[in-house]
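Fold and geometry: a report
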Amino acid sequence: MLRHVARRLLHLIPMLFGITLISFLIIQISPGDFLAEARMNPVVSQQTVDRMRISFGLDQPLHIQYLRWLWNALRLDFGYSFAFQVPVIWLIGSRLMNSVLLNAVSFAVAWAIAIPLGIHAARRQYSLSDNVLSFSAYLGISTPTFFSGLFLLYLAFRTGWFPIGGMTSIDHDFLPWWGKILDVAHHMVLSVLVLGVLGVAGLMRQMRANLLEVLRQDYVRTARSKGLAERAVINRHAVRNAINPLITIFGFSLGGLLGGSAILENVMGWPGIGKLIVEATIQKDLYVVMASLVIGSVTLVAGNLIADVLLVVSDPRIRYD
């Protein structure tokens with residue numbers, strides 16, 4: 001297993017190199033750059049634009065720009081943001097925990113609800129509750145995230161029960177510590193509801209399908225014929241094998257903890273890294289986009305690696321060596 005982990009970490013090196021190189025080329029060959037807006041502004045002189053171009057290093061050949069960025073990135077220096085005029089690592093760090101908090105809470109809520117509902121739907125296949133859950137799941141999967149977010153914002157506006165956008169209230173800094181927690185939680189409800197419903201719908205359908213397939217296996221039939229209670233057959237034998245594909249999904253979900261809510265963060269005004277990536281891409285803030293891609297790639301690989309380890313723990317028959 002340790003050899004597998006080491007091999008996966010070694011594979012990360014050429015993969016990150018390829019991702020950063022392709023991303024850099026795509027950003028560079030797309031029309032315009034960060035200074036395009038400044039060039040169109042009659043207040044900004046050409047001399048000022050030229051000075052900004054030199055200070056940002058954009059006057060250098062492309063391969064020099066990339067190699068300079070790569071060398072600095074190896075020392076965890078991801079450069080300066082053109083738009084915010086601050087170090088990229090500080091900018092991403094200031095948004096990172098907001099996205100992790102939102103996605104981790106949504107992730108936990110979705111898994112805590114989806115697994116029991118999927119087991120219930122599989123045990124009562126074609127019953128009224130199974131049909132209601134299946135219809136709700138299809139509705140949740142087919143509803144776009146931005147539409148759900150806008151709809152809930154409209155309801156919040158009409159009812160006044162929840163704040164409209166943002167992460168904190170105006171008087172957040174004057175609240176006691178427990179009041180600050182409640183304030184953030186209050187602002188998070190609608191976003192968690194959107195991401196949680198989307199996650200519950202997909203996970204529940206996956207758990208239901210996996211469990212139904214396992215329940216038709218011979219060893220489950222044998223366990224029932226030996227007189228084991230139905231609860232023991234389901235929980236001890238069937239669910240344990242049915243949950244293996246979900247562990248793989250769990251790994252991919254860990255990779256989405258950073259950028260998985262980019263669209264929703266823009267709709268809800270949540271100050272996370274997803275919102276920052278979208279803004280940086282539109283503004284062609286090169287180094288912010290590059291650093292975000294590196295961090296997202298590392299997180300995705302780490303999530304898959306954790307999923308591989310969990311699969312071995314869950315099913316001793318799985319070996320990577």
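1. Focus on the packing of aromatic side chains
Under the criterion given, the structure shown has five aromatic pairs. Judged by centre distance (6.3 Å) and plane angle (65 degrees), the ring pair of F17 and Y66 falls under edge-to-face. Taken together, the residues span a long stretch of sequence, with F17 in helix 1 (residues 2-29) and Y66 in helix 4 (residues 62-74) at a distance of 49 residues. Given a relative accessible area of 4%, Y66 falls into the buried group. Each member of the aromatic cluster is reached from another via a ring pair, and the members are F17, F24, Y66, W69 and F78.

2. A short note on the packing of helix 9 (residues 218-225) against helix 10 (residues 230-242)
Taken N-terminus to C-terminus, the directions of helix 9 and helix 10 make an angle of 160 degrees; their axes are 10 Å apart at the nearest point. Taken as axis vectors, helix 9 and helix 10 run roughly antiparallel relative to one another. Read as a crossing pair, helix 9 and helix 10 show a hand that is right-handed. Taking contact as the criterion, the partners of Y219, V220, A223 and R224 in helix 9 are, on helix 10, E230, V233, I234, H237 and N241. Among the residues forming the contact of helix 9 with helix 10, the class breakdown is five nonpolar, two polar and two charged.

3. Quick look at the pattern of salt bridges
In the structure shown here, the tally under the stated rule is four salt bridges. The closest approach of N and O atoms between R221 and D218, which form a salt bridge, is 2.7 Å. Here the residue R221 and the residue D218 both occupy positions in helix 9, the gap between them amounting to three residues, near one helical turn. As a salt-bridge pair, K275 and E279 come within 2.7 Å of each other at their nearest N and O atoms. Highlighted residues: K275 and E279, both in helix 13 (residues 273-283), separated by four residues, approximately one helical turn.

About the cut-offs
Residues numbered from 1 in each chain as written. Predicted model: local features only at pLDDT ≥ 70, side-chain atom pairs only at ≥ 80, totals over all residues. Heavy atoms only, no water. Phe/Tyr/Trp six-rings, centres within 6.5 Å; stacked < 30°, edge-to-face > 60°. Helix = DSSP H or I, 4+ residues; strand = E, 2+ residues; numbered from the N terminus. Buried < 20%, exposed > 50% of the residue type's maximum accessible area, 1.4 Å probe, protein only. Axes fitted to C-alpha atoms, helices over the stretch in contact; angles between N-to-C directions. Parallel < 35°, antiparallel > 145°, perpendicular 65-115°, else oblique. Left-handed = near helix turned anticlockwise from the far one by under 90°. Contact = heavy atoms within 4.5 Å. Nonpolar A, V, L, I, M, F, W, Y, C, P; charged D, E, K, R; others polar. Salt bridge = Lys/Arg side-chain N within 4 Å of Asp/Glu carboxyl O.

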